[in-house]
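Chain by chain, the residues:
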Amino acid sequence: MMPDLDEYKWIIPDFVWELDELIDFEKLIKALPDADDLAKLLPDFDKIGESFASLKGFLSPGAPGETAFRATDQGYDNDKQFKKGLLGELILLQQQIQQHEEEARRATGQYNMGSSQQKRKVSDKEKIDQLQEELLRTQLKYQRMLERLEKENKELRKLVLQRDDKGIHQRKLKKSLIDMYSEVLDILSDYDASYNTQDHLPRVVVVGDQSAGKTSVLEMIAQARIFPRGSGEMMTRSPVKVTLSEGPHHVALFKDSSREFDLTKEEDLAALRNEIEIRMRNSVKEGCTVSTETISLSVKGPGLQRMVLVDLPGVISTVTSGMAPDTKETIFSISKAYMQNPNAIILCIQDGSVDAERSIVTDLVSQMDPQGKRTIFVLTKVDLAEKNVASPNRIQQIIEGKLFPMKALGYFAVVTGKGNSSESIESIKEYEEEFFQNSKLLKTSMLKAHQVTTKNLSLAVSDCFWKMVRESVEQQADAFKATRFNLETEWKNNYPRLRELDRNELFEKAKNEILDEVISLTQVTPKHWEEILEKTLWERVSTHVIENIYLPAAQTTNSGTFNTTVDIKLKQWTDKQLPNKAVEVAWETLQEEFSRFMTEKKGKEHDDIFDKLKQAVKEETIKRHRWNERAEDSLRVIQHNALEDRSISDKQQWDAAIHFMEETLQSRLKDTESVIEDMVGPDWKKRWLHWVGRTKEQNIRNETKNELEKLIKCNEDHAAYLANDEVTTVRKNLEARGVTVDPCLIKDTWHQIYRRFFLKSALNHCNLCRRGFYYYQRHFVDSELECNDVVLFWRIQRMLAITANTLRQQLTNTEVRRLEKNVKEVLEDFAEDNEKKVMLLTGKRVQLAEDLTFIDSAELNPNFFFNLVKISYCCFLTSKVQLLPSH
């Protein structure tokens, strides 16, 4: 039945002509069933022919209602080509029904001409009633014939689909059109959630007042009672996207689950309803009543019309107790968000058993679609409406669109059961058919036959849906292509020399850079490590060595006492503080070097977009890293052995110790001079040159300093602390000059003055000991020179060198590798945390690359645009060969 498209090859995409390269058609043909096998699956056309023959005999001349059902000769000639086969018989019958309806309308018009001819029109009225009854009977026969053919077609397709499922060759076939379309909607839904945009692809949006029968209509279309229900309470608490498609078995499954629910079994139906209710309640946040999160459900079964529907929470007029205060506004917002899609088909459900004036949803729909170009109106509970409504003309006004202030493409009246939740779909369909067969609404032509039953409704909605898909899917694909072009142009103008790397690709690039920088730690020379460690460790412990070891020992009177004091204090220091300080210094040094490599700019190649990520990785790695606990114990033994050694082997080591001691004392003396200057204020040169003066306190300090310096000049062997009588003497001398001084201020000033005096004396002694190595070798026998302080600084210097060497070995052999392992773990954790990546990799460049990646189907989903093209092409073929989308 396919037309010759040789002249239209330019219309068909190139990939269609390349299918023979991708698919082995010969193997596919061999795998298909034989014609004989297919013939066994076809229905008995002889019996169907006999049925049509009897029907044709009923419609032939001479039968009752000959005038109403006889086709004109001209119509017969025009439709001669269709009268061969079953389809021709149906078309002829449909044309006869249309002709009969026209005659009935003409007869009705003649009946209403005036009261003057009322008596003559009695016979016409009887004729009208007879024609209407015959019309109804013919329509019912036509409907039954269609249903019988559809049932046979349904059984045939079910057998074919079951046979295809058993065939191995079918497992790799592509998905159906509606499944591809539903996947596209799911992808766009995720894209909307991330980027706050809206797609304009069609879907059927089911809206209505609460308890108007929305869910029941949806169940009739899906042919299964799949939704939870309650008496008068809100059951639909979040949007539910239902994808209907054809399949051999009637099953349902969720988008994020592989479990299939058999809709022919009541246990599975109850489990499905319970699962939907659980998902709805879980999606609702605390303090809310409804949720915007969409639940995706797929329903497959033989004979289902293929489409995508979204069931929304029912619109309410009043917020009752137990509901969140903003429930009404939230439901309006959700409904508007779905209906404002210009390609969404609005299925407006109105409860026929309540007064039309109480409707809320009709006003909302008329606001979103004032012209009614994409709205289908459905009046539910027509059986109750016929019983309760005093004037049946009111129902006619609703169906004709004259009562509500809204317009629609079509109007339908349906019955979705007797209100019993345990009713099956088959019993509801039988009840609906029986009701309309006996209803006065059809007998009096208030309702047309094509406007009733959920079957006709589903056919009309499916036809409208695929028409909308055909019109909009190409526009959506073109819109994505245009967006792609715009984004590429913006990238080329802003970042002409950079690749289009999205957030994940940037993270991988940053990850490689960070790992390279960690590896660079292993390339740091041992000399560099030891120099940094030794220098930093001495800065940390120098104050303790000078204040707590050297100065107290220097106050002793002989060398024996000096050495004893030094040994005791060094032992205490090594046991309690020194190993811990050394490990702290090593860890801080490792952090500093790691930070230096992480933050060091690599010239023109440096990309500052990674700075936040590198900083976060550095901080998290440092937080996780723990130094080996056994390091302190081994380090304590090494340091204790190093400090016990007093033997200086050569003059070079002696000179090094002298230099080390001299640098340390000069540094301390400089610091002391600075403290004294702050205490007493600027000297006379600075006061004259910079025009600055002393404060009152500085004047008092200066007078106290001068008095204490006199005390030291009188006794250069003075002890480190002032006696109480000396403090009193200094205070009285100052009071004699009119300066009132507190004893604490005198002692504080004395500490700095004596410290300066001691450091100067120690430096002078250090210069004398430059030539004392000879006397040291002779243990200072027959010599007044004693250089035990030089030996102390040599011991300290040697301990620092050995400690630095030990820490360097621990760093390079153990800690750097453990740090590298921690960095890898942190990067792996960050790679799995999308929120962390979004927070650390930000900026216009990243966002632009992310948009490009999504639009680029090869990056996000290789089938996305391919599916769009296939959907568009299938719709094109559908429009050309006049096939239904379900085919």
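Coordinates for the structure precede this section.
Residues numbered from 1 in each chain as written. Predicted model: local features only at pLDDT ≥ 70, side-chain atom pairs only at ≥ 80, totals over all residues. Heavy atoms only, no water.

## A word on the sheet that holds strand β8 (residues 375–380)
Read across the open sheet, the nine strands follow the order β4-β3-β5-β2-β6-β1-β7-β8-β9; overall the sheet is mixed. Edge positions in the open sheet fall to β4 (261–262) and β9 (410–413), since each of these has one partner strand only. Sheet analysis places strand β7 (residues 345–351) next to β8, joined by six bridges and oriented parallel. Each bridged residue has a counterpart across the sheet, and for I346 the counterpart in β8 is T375. On the sheet, helix α11 (residues 214–222) packs against β1 (204–208), β2 (240–246), β5 (295–301), β6 (307–311), β7 and β8 and is oriented at approximately 160° with respect to β6. Here helix α14 (residues 361–368) sits on the sheet and contacts β1, β7 and β8; the angle it forms with β7, its principal contact strand, is near 160°. (Pairing = 2+ DSSP bridges. Helix = DSSP H or I, 4+ residues; strand = E, 2+ residues; numbered from the N terminus. Contact = heavy atoms within 4.5 Å. Axes fitted to C-alpha atoms, helices over the stretch in contact; angles between N-to-C directions.)

## A look at the side chain of N822
Relative to the helices and strands, N822 resides in helix α32 (residues 788–832). When near neighbours in sequence (up to four residues on either side) are disregarded, N822 contacts T621, R624 and H625.

## Things to note about a negative patch on the surface
Together, E147, E426, E430, E433 and E434 make up a region of like negative charge exposed at the surface. No other element matches the four residues that helix α17 (residues 425–438) contributes to the negative patch. When you line up the elements, E434 lands in helix α17. (Patch = residues over 30% accessible without salt bridge, like charges linked within 9 Å, V, L, I, M, F, W, Y side chains within 5 Å. Areas by Shrake-Rupley, 256 points an atom, 1.4 Å probe, with all protein chains shown as cover. Salt bridge = Lys/Arg side-chain N within 4 Å of Asp/Glu carboxyl O. Lys, Arg positive; Asp, Glu negative; His and termini not counted. Charge placed at Lys NZ, Arg CZ, Asp CG, Glu CD.)

## A word on the environment of V310
With respect to the helices and strands, V310 occurs in strand β6. Look at V310 and you get buried, because its relative accessible area is 1%. As a C-alpha pair, V310 and L218 span 92 residues in sequence and 9.3 Å in three-dimensional space. In contact with V310, other than residues within four places in its own chain, are R203, V204, V205, V206, P239, V240, K241 and Y338. (Buried < 20%, exposed > 50% of the residue type's maximum accessible area, 1.4 Å probe, protein only.)

## Considering the nonpolar core
Buried together is how nonpolar side chains tend to be arranged in soluble globular proteins. One finds Y550, W573, L590, V617, W654 and I796 to be the most contacted residues of the largest nonpolar core, which totals 101 residues. No other element matches the 17 residues that α32 contributes to this core. What V617 contacts, discounting residues up to four positions off in sequence, is I514, M598, V823, V826, L827 and F830. (Core = buried A, V, L, I, M, F, W, Y, C linked by side-chain atoms within 4.5 Å.)

## Focus on the pairing of β6
Taken across its five residues, β6 has five buried, putting it largely inside the fold. Sheet analysis places β1 next to β6, joined by three bridges and oriented parallel. Bridge assignment links V205 to a residue of β6, and that residue is V310.

## What about the pairing of β5?
With six of seven residues buried, β5 is to be regarded as a mostly interior element. As defined by bridge partners, β2 adjoins β5 across seven bridges and the pair is classed as parallel. Among the inter-strand pairings, S245 is bridged to a residue of β5, identified as K300. Strand direction decides the pairing type here: strand β3 (residues 251–254) and β5, joined by four bridges, are antiparallel. Across the sheet, L253 pairs through a bridge with S298, a residue of β5.

## A few points about the state of the cysteines
Enumeration according to the criterion identifies one disulfide in this entry. Each disulfide pairs two cysteine sulfurs, and for C769 the partner residue is C787, the sulfurs being separated by 2.1 Å. With the S-S bond torsion at -100°, the cross-link from C769 to C787 turns out left-handed. One end of the pair, C769, is in the loop between α30 (743–768) and α31 (773–777); the other, C787, is in the loop between α31 and α32, with 18 residues separating them in the sequence. (Disulfide = S-S within 2.5 Å.)

## As for the packing of helix α21 (residues 526–554) against α30
The contact between α21 and α30 brings their axes to 12 Å, and the two run at 75°. As the angle between them shows, α21 and α30 are arranged roughly perpendicular. Here α21 contributes I546, E547, Y550, L551 and A554 to the contact with α30, which in turn contributes R755, F758 and A762. Taken together, the residues of the contact of α21 with α30 sort by class into six nonpolar, no polar and two charged. (Parallel < 35°, antiparallel > 145°, perpendicular 65-115°, else oblique. Nonpolar A, V, L, I, M, F, W, Y, C, P; charged D, E, K, R; others polar.)

## A short note on α17
Its 14 residues place the ends of α17 20 Å apart at the C-alpha level, agreeing with the 20 Å of an ideal helix rising 1.5 Å per residue. When α17 is considered as a whole, its buried residues turn out to be I425, I428, Y431, E432, F435 and F436. All buried residues of α17 project into a common sector of 125° when viewed along the axis, lining one side. (Expected span 1.5 Å × (residues − 1). Arc of directions from axis to C-beta.)

## Structural notes on unusual backbone geometry
For S211, which is not glycine, the phi dihedral falls at a positive 65°. Within the fold, S211 resides in the loop between β1 and α11.

## Quick look at the environment of R646
Note that R646 resides in the loop between α25 (631–644) and α26 (651–680). The spatial distance from the C-alpha of R646 to the C-alpha of R798 is 10.0 Å, given a sequence separation of 152 residues. Excluding its chain neighbours within four sequence positions, the residues that come into contact with R646 are D567, Y776, V791, W794 and R795.

## Here we look at the packing of aromatic side chains
Two aromatic rings, taken as a pair, are described by how far apart their centres are and by the angle between their planes. According to the stated counting rule, one finds 11 aromatic pairs in the structure shown. An angle of 50° between the planes, with centres 6.3 Å apart, marks the rings of Y754 and F757 as tilted. Taken as a pair, Y754 and F757 lie in helix α30 at a separation of three residues, close to a single helical turn. Of the aromatic side chains, those joined through ring pairs into one cluster are W538, Y550, F660, F758 and F793. Stacked on the ring of F254, the Lys or Arg R279 has its end atom at 4.0 Å from the ring centre. (Phe/Tyr/Trp six-rings, centres within 6.5 Å; stacked < 30°, edge-to-face > 60°. Lys NZ or Arg CZ within 6 Å of the ring centre and 35° of its normal.)

## A short note on the pattern of salt bridges
For the structure shown, the criterion picks out 35 salt bridges. A salt bridge links E490 to K844; its shortest N-O distance comes to 3.6 Å. Residue E490 is found in helix α19 (residues 454–494), and its partner K844 is found in helix α34 (residues 844–855); the two are separated by 354 residues along the sequence. Linking E593 and R596 is a salt bridge whose minimum nitrogen-to-oxygen distance equals 2.7 Å. Taken together, the residues E593 and R596, both in helix α23 (residues 578–599) and three residues apart, mark about one turn of the helix. Take R596: its relative accessible area is 35%, and that puts it in the partly exposed class. Here the residues in one salt-bridge network are E673, K705, E709, R756 and K760, joined through shared partners.

## Concerning the side chain of H718
Mapped onto the secondary structure, H718 falls in the loop between α28 (696–714) and α29 (724–736). With sequence-adjacent residues up to four places away left out, H718 is seen in contact with L711, E726, W750 and Y754.

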